[in-house]
Protein chains: 2
Amino acid sequence: MEPITEKGLQEAIDEMGIQDITTATIRQICALTASLENKYKENFIHLEIGNPGIMAEKTGIEAEKKALDSGVANKYPDIGGIPAIKNAGSEFVKAFLDLDIPPKCIVPTVGSMQACYTLMTILKQRIPEKDTVLFFDPGFPAQHHQAKMLGLKMRQFDIYDYRGEKMRDKLEELLSDGKVTAMIYSNPNNPSWSNLTEEELKIVGEMASKYDAIVLEDLAYMGMDFRKDFSKPFEPPFIPSVGKYTENYILLISASKIFSYAGQRIAVVCMSPEVYNRKYPNLVSFYEMPNFGESYIYGVLYTASSGVTHSAQYAMAEMMDKAAKGELPFIQHTKEYGIRAGRMKEIFNENGFHIVYEKDGAEDISDGFFFTVGYKDLSSEKLQRELLKYGVSSISLPSTGSTRDGVRVCVSMMNSDDLFNKLRASLKAFRHDHQ
Amino acid sequence: MEPITEKGLQEAIDEMGIQDITTATIRQICALTASLENKYKENFIHLEIGNPGIMAEKTGIEAEKKALDSGVANKYPDIGGIPAIKNAGSEFVKAFLDLDIPPKCIVPTVGSMQACYTLMTILKQRIPEKDTVLFFDPGFPAQHHQAKMLGLKMRQFDIYDYRGEKMRDKLEELLSDGKVTAMIYSNPNNPSWSNLTEEELKIVGEMASKYDAIVLEDLAYMGMDFRKDFSKPFEPPFIPSVGKYTENYILLISASKIFSYAGQRIAVVCMSPEVYNRKYPNLVSFYEMPNFGESYIYGVLYTASSGVTHSAQYAMAEMMDKAAKGELPFIQHTKEYGIRAGRMKEIFNENGFHIVYEKDGAEDISDGFFFTVGYKDLSSEKLQRELLKYGVSSISLPSTGSTRDGVRVCVSMMNSDDLFNKLRASLKAFRHDHQ
């Protein structure tokens with residue numbers, strides 16, 4: 001395709017009512033890209049959206065159909081989760097993270113989106129002075145929006161500026177006034193695909209205990225650090241988690257990416273038993289329930305949606321159960337993303353791009369679902385706009401809380417050689433015009 | 001069974017940590033009843049819980065299985081709803097309520113519980129001075145809890161004290177300071193099963209327009225006023241709705257009871273086009289979106305759960321579509337509840353009980369999913385406790401915001417002659433001991 005002109009692009013942006021392309025939501029970028037596709041009669045390369053690019057795990061679908069046939073549709077699901085999902089979640093966490101979380105502390109939610117929103121709700125209530133959430137940025141933009149919705153104060157730092165032992169001083173600075181109720185990060189990280197190292201997780205855990213800041217560890221892409229083989233249940237190496245270093249943690253495990261099950265909206269919240277059982281005078285008086293875990297389930301989650309789709313709970317239960325038994329090689333299945341990322345990085349590199357977030361400690365980051373690219377000294381906005389002109393849609397790093405220049409690239413939709421050839425041609429043309 | 005002693009009952013209540021049985025949640029009452037069943041080795045009669053007592057509509061289950069087979073599980077559902085549910089919702093509302101709501105304004109939610117919680121969220125934001133929600137009590141206790149969670153101020157009145165033209169003066173008194181952002185009621189009413197008359201709906205609609213208070217009309221039991229035949233799509237009589245009398249309305253239509261689909265957690269929010277399209281400076285600046293409807297979908301619902309289980313959307317779409325085509329006689333199916341209610345009322349009456357909320361205008365209330373009973377001058381607490389001693393579990397009227405003495409009875413679990421005989425025997429024994 002001929003590159004779109006500056007005028008043509010700006011017109012489309014104006015038509016969508018987008019004020020600032022770098023802070024627009026992913027949804028707005030999708031809509032903008034669709035309008036450009038329509039206007040220029042050209043299919044774009046979609047690197048902006050994070051839909052799973054592989055088939056849903058069949059195990060889940062079969063379990064769900066079976067549950068529907070058995071008659072679960074007319075019965076309210078238990079808000080705390082059906083026994084099967086609670087038990088399977090406990091096994092799954094032991095098998096792959098080597099953490100001991102009893103079934104009681106495993107609770108399904110309508111995706112990790114609901115998990116994070118409802119957990120922030122109660123984390124804001126538990127101790128009134130703790131009114132702040134700390135984001136390890138860059139991160140998932142929706143979680144910043146959730147905090148804003150709930151009126152939580154926010155702090156943030158760019159992980160990449162404080163790696164290794166430097167993280168301790170930074171966290172000390174951010175946590176020492178005791179205002180932070182929760183810290184949030186995803187591991188692997190969306191968008192940078194960096195992983196906190198064991199050294200860093202230990203620091204985070206120690207600081208979580210020291211200042212009573214509960215860690216929300218978002219494992220949306222659990223196991224997708226393909227540099228190590230985490231695929232064998234109950235055998236080392238285990239997937240690193242802050243749960244090894246503090247009792248002050250809650251895991252978010254979503255079926256969306258690890259089982260390619262985003263459509264059915266299901267995740268599990270896994271609370272450490274210490275978090276579950278803690279009593280707060282504020283919660284006891286507000287919810288008239290004895291502890292954090294029950295206030296969360298019967299107070300917050302009941303209010304939010306009265307539980308999670310019954311059949312989807314059976315799907316998630318069965319997938320976690322089989323995975324823990326070694327009968328569902330889910331990590332093997334998602335390795336496809338790593339392969340796509342490797343091919344894409346090559347194409348970006350050969351056309352003069354660089355990886356923005358490129359190292360974990362001394363190691364290169366893993367190939368996985370996302371990575372980040374920059375081009376020379378182009379600003380985030382400029383790069384995102386210029387790529388759009390060449391038919392490549394991405395989201396800008398500032399929208400993720402990053403302080404660096406570049407864009408996020410999602411590999412999931414790159415499911416054919418044609419697309420790779422198209423990407424190569426687009427980036428070649430881009431490079432030609434941006435020497 | 002021998003009646004449980006006062007001491008035995010109080011011990012069980014204390015063991016559950018219940019402070020006040022009249023304000024305990026339904027869930028706590030269920031747990032108390034289960035513990036009594038366990039302790040006394042006797043099955044109780046469960047009139048407390050509102051699980052559908054009939055099978056889920058097969059149409060929904062088949063549609064859902066088909067959707068799963070077609071591969072929807074790995075794709076994020078559109079937050080605004082799949083086209084099929086938006087179109088079917090629009091048809092369904094036209095067919096049974098004779099209201100014109102375009103597909104754009106029909107949005108699925110994770111049950112009406114999520115609908116109400118998320119709508120309250122944005123109704124609190126739209127105009128900062130409007131910080132109060134008005135409940136037509138008695139009502140669904142969870143909705144009061146939702147308002148409390150969100151920090152909304154609350155007002156309420158007992159419908160039964162202000163029926164007919166009297167309602168106008170009461171609403172004038174409650175609304176005239178302009179603080180009320182939303183009014184909430186269910187029609188038929190949970191727990192009283194009264195229905196607002198056309199005269200009353202007209203008054204509510206006029207007041208909603210006059211004071212810009214948006215009506216949340218909860219149609220959880222839509223069509224279950226069996227005194228009239230609402231079963232023919234696109235033919236009068238239509239189910240009464242405030243939508244005939246104001247543009248300031250939002251309907252909540254849940255699949256849980258009307259299609260016996262509570263397990264799958266799906267409902268549709270149906271906004272009047274005027275509500276959907278309204279612009280509020282506060283929303284535009286907070287969500288950076290142009291109007292109420294889009295702020296609700298892409299701002300609030302995205303944050304709450306990123307949409308609704310994909311397969312369940314297909315189920316709801318198909319059920320509404322078939323119902324509107326006259327191919328799914330859902331009202332006929334739920335008539336079973338009316339039959340059960342009729343039989344139960346007879347048993348209560350013959351044992352000296354009376355219906356607490358018994359009239360709509362000049363008419364007796366319909367037989368349906370719930371009704372309310374009192375016994376002589378027993379207080380709500382006393383009656384609920386005494387019935388428990390005779391193996392009958394119910395919830396007290398004060399927990400629903402009612403100012404009257406009595407308990408709520410749900411007919412849904414009464415699915416065998418044995419249960420009716422057991423109820424008769426229990427109430428006979430009760431009466432014998434309470435002359």
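Residues numbered from 1 in each chain as written. Chains lettered and ligands numbered in written order. Predicted model: local features only at pLDDT ≥ 70, side-chain atom pairs only at ≥ 80, totals over all residues. Heavy atoms only, no water.

A. How the structure looks around the confidence of the model for chain A. Model confidence for chain A is summarised by a mean pLDDT of 95, while 100% of its residues fall at 70 or above. Interface confidence for the predicted complex, expressed as ipTM, amounts to 0.95; the pTM equals 0.96. (pLDDT = per-residue confidence, 0-100.)

B. The interface of chain B and chain A, seen in detail. Contact with chain B, which involves 57 residues of that partner, is made by 57 residues of chain A. Three residues stand out in chain B for area buried against chain A, namely Asn 74, Tyr 76 and Thr 303 of chain B, and they jointly supply 14% of the buried area on that side. Across the chain B-chain A interface, the total number found is 2 salt bridges. Salt-bridge contacts for Asp 69 of chain A lead to Lys 65 of chain B; the nearest nitrogen and oxygen are separated by 2.7 Å. Taken together, the links from chain B to chain A amount to 35 residue pairs in polar contact (both at pLDDT 80 or more). Elements with a minimum of two residues in the side of chain B that touches chain A: α2 (26-40), α3 (58-70), α5 (111-125), α6 (141-149), α9 (255-258), α11 (281-287), α12 (292-305) and α13 (310-324) of chain B. The leading source of residues in the side of chain B that touches chain A is α12 of chain B, at 7 residues. Of the residues belonging to the side of chain B that touches chain A, the class tally is 26 nonpolar, 21 polar and 10 charged. (Contact = heavy atoms within 4.5 Å. Buried area = accessible area lost by both parts, 1.4 Å probe. Salt bridge = Lys/Arg side-chain N within 4 Å of Asp/Glu carboxyl O. Polar contact = N/O pair within 3.5 Å; in protein donor to acceptor, adjacent residues only side chain to side chain. Helix = DSSP H or I, 4+ residues; strand = E, 2+ residues; numbered from the N terminus. Nonpolar A, V, L, I, M, F, W, Y, C, P; charged D, E, K, R; others polar.)

C. Looking closely at the sheet that holds strand β14 (residues 395-396) of chain B. Residues and elements named next belong to chain B. Pairing is antiparallel across the open sheet formed by 4 strands, whose spatial order is β9-β12-β15-β14. Each edge of the sheet is formed by a strand with only one pairing partner; in this case those strands are β9 (353-355) and β14. Sheet analysis places β14 next to strand β15 (residues 407-410), joined by 2 bridges and oriented antiparallel. Across the sheet, residue Ile 395 finds its bridge partner in β15, namely Arg 408. Together, β9, β12 (370-375) and β15 form the strand contacts of helix α14 (residues 330-350), whose direction differs from that of β12 by roughly 0 degrees. (Pairing = 2+ DSSP bridges. Axes fitted to C-alpha atoms, helices over the stretch in contact; angles between N-to-C directions.)

D. Seen up close, the environment of Ser 396 of chain B. All names here are of chain B. Take Ser 396: it is sitting in strand β14. Look at Ser 396 and you get buried, because its relative accessible area is 1%. With 13 residues separating them in the primary sequence, Ser 396 and Val 409 have C-alpha atoms 9.2 Å apart. With sequence-adjacent residues up to four places away left out, Ser 396 is seen in contact with Thr 22, Ser 380, Gln 384, Gly 406 and Val 407. (Buried < 20%, exposed > 50% of the residue type's maximum accessible area, 1.4 Å probe, protein only.)

E. Seen up close, the relation of the copies chain B and chain A. When chain B is brought onto chain A, the operation consists of a screw motion whose angular component is 180 degrees and whose axial shift is 0.0 Å, with 0.0 Å RMSD remaining. On the angle and the small slide along the axis, the relation comes out as a two-fold axis. When C-alpha distances to the rotation axis are compared across chain B, the minimum falls at Lys 65 of chain B, with a value of 2.9 Å. A symmetric contact is evident, with 100% of the interface residues of chain B recurring at the interface of chain A. (Least-squares fit on C-alpha atoms with pLDDT ≥ 70 in both.)

F. Highlighting the state of the cysteines. Residue and element names in this part refer to chain A. Evaluation of the coordinates by the stated rule reveals 0 disulfides over all chains. The closest cysteine sulfur to the non-disulfide-bonded Cys 105 is located on Cys 270, 9.4 Å from its own sulfur. Judged by its relative accessible area of 0%, Cys 105 is buried. (Disulfide = S-S within 2.5 Å.)

G. Looking closely at the pattern of salt bridges. Taken as a whole, this structure holds 72 salt bridges over all chains when the rule is applied. With its nearest N and O atoms 2.9 Å apart, the salt bridge here joins Asp 364 of chain B to Lys 359 of chain B. Overall, the relative accessible area of 48% leaves Asp 364 of chain B in the partly exposed class. With a shortest N-O distance of 3.9 Å, Arg 385 of chain B and Glu 381 of chain B are connected by a salt bridge. Linking Arg 385 of chain B with Glu 381 of chain B, this pair stays in helix α15 (residues 380-389), spanning 4 residues, or about one helical turn. With relative accessibility at 11%, the residue Arg 385 of chain B sits in the buried group. Taking relative accessible area as the criterion, Glu 381 of chain B reaches 35% and is therefore assigned partly exposed. One salt-bridge network, held together by shared partners, links Glu 6, Glu 381, Lys 382, Arg 385, Glu 386 and Lys 389 of chain A.

H. Layout of the pairing of β12 of chain B. All names here are of chain B. Of all 6 residues making up β12, 6 are buried, and the element is well covered by its neighbours. Burial along β12 is two-sided: the face carrying Phe 370, Thr 372 and Gly 374 and the face carrying Phe 371, Val 373 and Tyr 375 are both buried. Sheet topology places β9 next to β12; 3 bridges connect them, and they run antiparallel. Its bridge partner lying in β12, Ile 355 is registered against Val 373. Pairing between β12 and β15: 4 bridges, direction antiparallel. Note that in β15 the partner of Thr 372 across the bridge is Arg 408.

I. Broad picture of the packing of aromatic side chains. Residues and elements named next belong to chain A. Under the criterion given, the structure shown has 46 aromatic pairs over all chains. Taking the centre distance of 5.5 Å and the plane angle of 40 degrees together, the rings of Phe 92 and Phe 330 count as tilted. Placement of Phe 92 in helix α4 (residues 83-97) and of Phe 330 in helix α14 (residues 330-350) is noted, with a sequence separation of 238 residues between them. When the ring of Phe 157 is compared with that of Tyr 162, the centres are 5.9 Å apart and the planes differ by 70 degrees; the resulting orientation is edge-to-face. The exposure class of Tyr 162 is partly exposed, given its relative accessible area of 26%. (Phe/Tyr/Trp six-rings, centres within 6.5 Å; stacked < 30°, edge-to-face > 60°.)

J. Representation of the environment of Leu 119 of chain B within the structure. Residues and elements named next belong to chain B. Tracing the backbone shows Leu 119 in helix α5. Residues Leu 119 and Leu 301, spaced 182 residues apart in sequence, show a C-alpha to C-alpha distance of 9.1 Å. In this structure Leu 119 touches Leu 216, Ile 250, Leu 252, Val 269 and Tyr 296, once residues within four positions along its chain are discounted.

K. Region of interest: the sheet that holds strand β15 (residues 407-410) of chain A. Residue and element names in this part refer to chain A. Ordered by their spatial adjacency, 4 strands build an open sheet running β9-β12-β15-β14, and the pairing between neighbours is antiparallel. The sheet terminates laterally at β9 (353-355) and β14 (395-396), the two strands that pair on one side only. The strands touched by α14 within the sheet are β9, β12 (370-375) and β15, with β12 carrying the most contacts at an inclination of about 0 degrees. On the sheet, helix α15 (residues 380-389) packs against β9, β12, β14 and β15 and is oriented at approximately 45 degrees with respect to β15.

L. How the structure looks around the side chain of Gln 125 of chain A. Within the fold, Gln 125 of chain A resides in helix α5 (residues 111-125). At a separation of 2.4 Å, a polar atom in the side chain of Gln 125 of chain A contacts the side chain of Tyr 287 of chain A.

M. Local environment of the packing of helix α12 (residues 292-305) of chain A against α5 of chain B. Interaxial distance between α12 of chain A and α5 of chain B falls to 5 Å at its minimum, and their mutual angle equals 95 degrees. Classified by the angle between their axes, α12 of chain A and α5 of chain B sit roughly perpendicular to one another. Together, Tyr 302, Thr 303, Ala 304 and Ser 305 of chain A of α12 of chain A and Met 113, Gln 114 and Tyr 117 of chain B of α5 of chain B make up the contact between the two elements. Residues belonging to the contact of α12 of chain A with α5 of chain B are distributed by class as follows: 4 nonpolar, 3 polar and no charged. (Parallel < 35°, antiparallel > 145°, perpendicular 65-115°, else oblique.)

N. Local environment of the pairing of strand β7 (residues 249-254) of chain A. Residues and elements named next belong to chain A. Taking burial as the measure, the 6 residues of β7 include 6 buried ones, the bulk of the element. In β7, alternate side chains face the same way, and those of Tyr 249, Leu 251 and Ile 253 on one face and Ile 250, Leu 252 and Ser 254 on the other are all buried. Direction of pairing for β7 relative to strand β8 (residues 267-271): antiparallel, over a ladder of 5 bridges. Looking at the pairing, Ile 253 lines up with Val 268 of β8.

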